[in-house]
Amino acid sequence: MERTNAWNTYDLSMRGSCMDFADDYKDFLGNCKTERECVDRIVNEAEENGYIELSEARRERKTLAAGGRVYSVWMNKSVALFEIGSEPIESGLNILGAHIDSPRLDVKQNPVYEDSGIAYLDTHYYGGIKKYQYVALPLAIHGVIVKKSGETVIVNIGEDEDDPVFFVSDLLVHLSADQLKRPGSTVIEGEALDVVIGNRPIVFDAGTEAGRDSKEKDNGKDAVMRSVLKILEDMYGITEADFESAELEIVPAGRPRDAGFDRSMILGYGQDDRVCAYASHRAQMESHGLQRTSCTLLVDKEEIGSVGATGMRSRFFENTLAEVMDLCGSYSELGLRRALANSCMLSADVGAAFDPSFASSFEKKNTAYLGKGMVFHKFTGSRGKAGSNDANAEYIAYLRDLFERASVCSQTAEVGRVDQGGGGTIAYILSLYGMNVVDCGVPVLSMHAPWEAVNKADLFEAYRGYKAFLQGASFTNT
Ligand code: MN
Ligand code: MN
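Residues numbered from 1 in each chain as written. Chains lettered and ligands numbered in written order. Predicted model: local features only at pLDDT ≥ 70, side-chain atom pairs only at ≥ 80, totals over all residues. Heavy atoms only, no water.

K.L.:
Lay out the sheet that holds strand 11 (residues 257-259) in plain terms, naming residues and giving numbers.
P.N.:
Sheet strands pair via backbone hydrogen bonds, and the direction of the pair is either parallel or antiparallel. Spatial ordering of the open sheet is given by 11-12-22, a layout of three strands whose pairing is antiparallel. Strands at the two margins of the open sheet, each flanked by one partner only, are strand 11 and strand 22 (452-455). Each adjacent strand pair in this sheet contributes to an overall mean axis angle of 35 degrees, direction not counted. As judged from the four bridges shared by strand 12 (residues 265-268) and strand 22, these two strands associate in the antiparallel manner. Bridge pairing in strand 22 links Leu267 to Ala453. Docked against the sheet, helix 1 (residues 12-31) engages strand 11 and strand 12, running at close to 5 degrees with respect to strand 12. Set on the sheet, helix 8 (residues 271-286) makes contact with strand 12 and strand 22; between it and strand 22 the angle comes to about 30 degrees. (Pairing = 2+ DSSP bridges. Helix = DSSP H or I, 4+ residues; strand = E, 2+ residues; numbered from the N terminus. Axes fitted to C-alpha atoms, helices over the stretch in contact; angles between N-to-C directions. Contact = heavy atoms within 4.5 Å.)

This is the structure in structure tokens:
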């Protein structure tokens, strides 16, 4: 079945709106390279749009009614946004769920060392990466260092034009005879992903007595490392031990850019899944006066199995919904369970875009094409659909009709060719409540690479689709 190219459905004004939306998205993507940075930005924009913080609403004994907007943040890394609809919550919500973590290198807890006059930060990669893609490119460090006093130091270095950047070295091709015989998975080993952070010994002023007499200067042991630690102490007021309570993420340095002579695409870091997170967030902000209560969930830890207190498998969402129902005066254990079971969800996550350069890994009829709009995955998983949420036909039929009426371009796909691998999203976790869930997002080229590509029309169609979904009527299987 042929699908239309979304660009062919746009008139000039629509094309302009699509390009403008992409500009807003690039600004978000360039400024939000960690979960915490995403949450900060989204909360700021939510407050500008009339959202109030849930625990504050509770403290002030506010009640929520139709049109009320509330959000809740969990550990600075996940956020849930709600707008109360005119129907009782018990009859279900329309939920958009995306993740705001992306593959990267995390700094270890005892990371600093020196070898042969080069100072390094040792890392442990996070999520699925091709390790060889992380060498020989400029890297930035984003994150937090929390001191024993409780003070949080925010780190963001490598993004400004005059900031220094960091890098992982690769072996020169001239001496790579052995390296290039190794399989791709071990061309660069995990423990080789150590980031270069300095190359000059600690400076002692030779004009002073202290400088001339310095023992440290004499033996010179780890003088480069000590120099870097001194700089960190001066810059951030931290000691080496403070890395123990730090979350520092090493990410590709630089801003997202338009790609192609026609500027039809965006090349940027972390588009899995911030492209769907941004589209969901905008749809949530811009949908008012709803029949069904809307919710946008932006969560952490999807790339490592949705684990931990801030991942989708945490009770955070369920607990938050209970609090929201309480503020609406409609909480009961049974009511909460009904609300969850009666909800509909779009698991807003990216899909693999067909790549003509690697055509044999895809099955052409059931693959997503750049520019052909938002993509549905009825199921994901691997091998015999293992681990997937296989969405119900009835639910998909409802969505097909909804999106057709909103003139949203969409396509359907599988993750890739049968038995070539696979993947998962947060879809299966919400489906545990018995709610209808389907994966639905933006196709991405070079997914999980330091620089991923999307088509601007696909982003715009996802945003339009998510909006139509939040504004849609209720659908239940029961
Ligand atoms: Mn994803
Ligand atoms: Mn991913």
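Don't stop here, the text continues.
K.L.:
How would you sum up the coordination of the manganese ion (ligand 2)? Please name residues and give values.
P.N.:
For a metal bound by four donors in tetrahedral geometry, the ideal donor-metal-donor angle is 109.5 degrees, whereas six donors in octahedral geometry ideally sit at 90 or 180 degrees. Binding of the manganese ion (ligand 2) to the protein goes through Asp272 (OD), Glu303 (OE), Glu303 (OE) and His448 (NE2), at separations of 2.0 to 2.5 Å. One chain supplies every donor for the manganese ion (ligand 2), spaced along it as D-x30-E-x144-H. Taken as an interatomic distance, the gap from the manganese ion (ligand 2) to the manganese ion (ligand 1) is 3.4 Å; Asp272 donates to each of them. Linking Asp272 in helix 8 with Glu303 in the loop between strand 13 (293-299) and helix 9 (316-327), this pair joins segments that are 31 residues apart in sequence. Here Asp272 falls in the buried class, since its relative accessible area comes to 3%. (Donors = N, O, S within 2.8 Å, 3.2 Å for Na, K, Ca; no water. Buried < 20%, exposed > 50% of the residue type's maximum accessible area, 1.4 Å probe, protein only.)

K.L.:
Let's hear about the coordination of the manganese ion (ligand 1): which residues, and what values?
P.N.:
Of the protein atoms, only His99 (NE2), Asp272 (OD), Asp349 (OD) and Asp349 (OD) coordinate the manganese ion (ligand 1), at distances of 2.2 to 2.6 Å. Binding-site remark: the manganese ion (ligand 1) is held by donors from one chain whose sequence spacing is H-x172-D-x76-D. For His99, a relative accessible area of 1% puts it in the buried group.

K.L.:
Could you give an account of the side chain of His281, naming the residues involved and the relevant values?
P.N.:
Structurally, His281 can be placed in helix 8. Classification of His281 by relative accessible area gives buried; the value is 0%. Residues contacting His281, with those up to four places away along its chain left out, are Ile42, Glu45, Leu81, Thr296 and Leu298.

K.L.:
Can you explain the nonpolar core? Please cite residues and give values.
P.N.:
Ranked by size, the top nonpolar core spans 61 residues in total, and within it Leu346, Tyr395, Leu399, Phe403, Tyr466 and Phe469 carry the most contacts. Looking at this core, the element that brings in the most residues is helix 13 (residues 456-470), giving nine residues. Every residue in contact with Phe469, bar those within four places of it in the chain, is listed here: Asn94, Ile95, Leu96, Cys344, Met345, Leu346, Tyr395, Leu399, Leu402 and Phe403. Residues Ala119, Leu121, Leu139 and Tyr269 belong to the second largest nonpolar core, which totals 37 residues. (Core = buried A, V, L, I, M, F, W, Y, C linked by side-chain atoms within 4.5 Å.)

K.L.:
Tell me what's going on with the pairing of strand 5 (residues 104-115), and back it up with residues and numbers.
P.N.:
Strand direction decides the pairing type here: strand 5 and strand 6 (residues 118-126), joined by eight bridges, are antiparallel. By the bridge assignment, Arg104 is partnered in strand 6 with Tyr126. Connecting the antiparallel pair strand 5 and strand 6 is a turn made up of two residues, with Ser116 showing a positive phi of about 55 degrees. Bridging between strand 5 and strand 10 (residues 246-252) involves two bridges; their strand directions are antiparallel. The residue bridging Asp106 from the neighbouring strand is Glu249, located in strand 10.

K.L.:
Help me get a handle on the sheet that holds strand 4 (residues 93-99), residues and values and all.
P.N.:
Pairing in this open sheet of nine strands is mixed, and the strands run 1-2-3-13-4-14-20-16-18 from one edge to the other. Looking at strand neighbours, the two that pair on one side only are strand 1 (52-53) and strand 18 (410-412), the edges of this open sheet. Of the strand pairs in this sheet, strand 3 (residues 78-83) and strand 13 are connected by five bridges, and their pairing is antiparallel. Note on strand 13: the bridge partner recorded for Glu83 is Ser294. Together, strand 2 (69-74), strand 3 and strand 13 form the strand contacts of helix 2 (residues 35-48), whose direction differs from that of strand 3 by roughly 20 degrees.

By themselves, these observations are geometric and do not establish any function.
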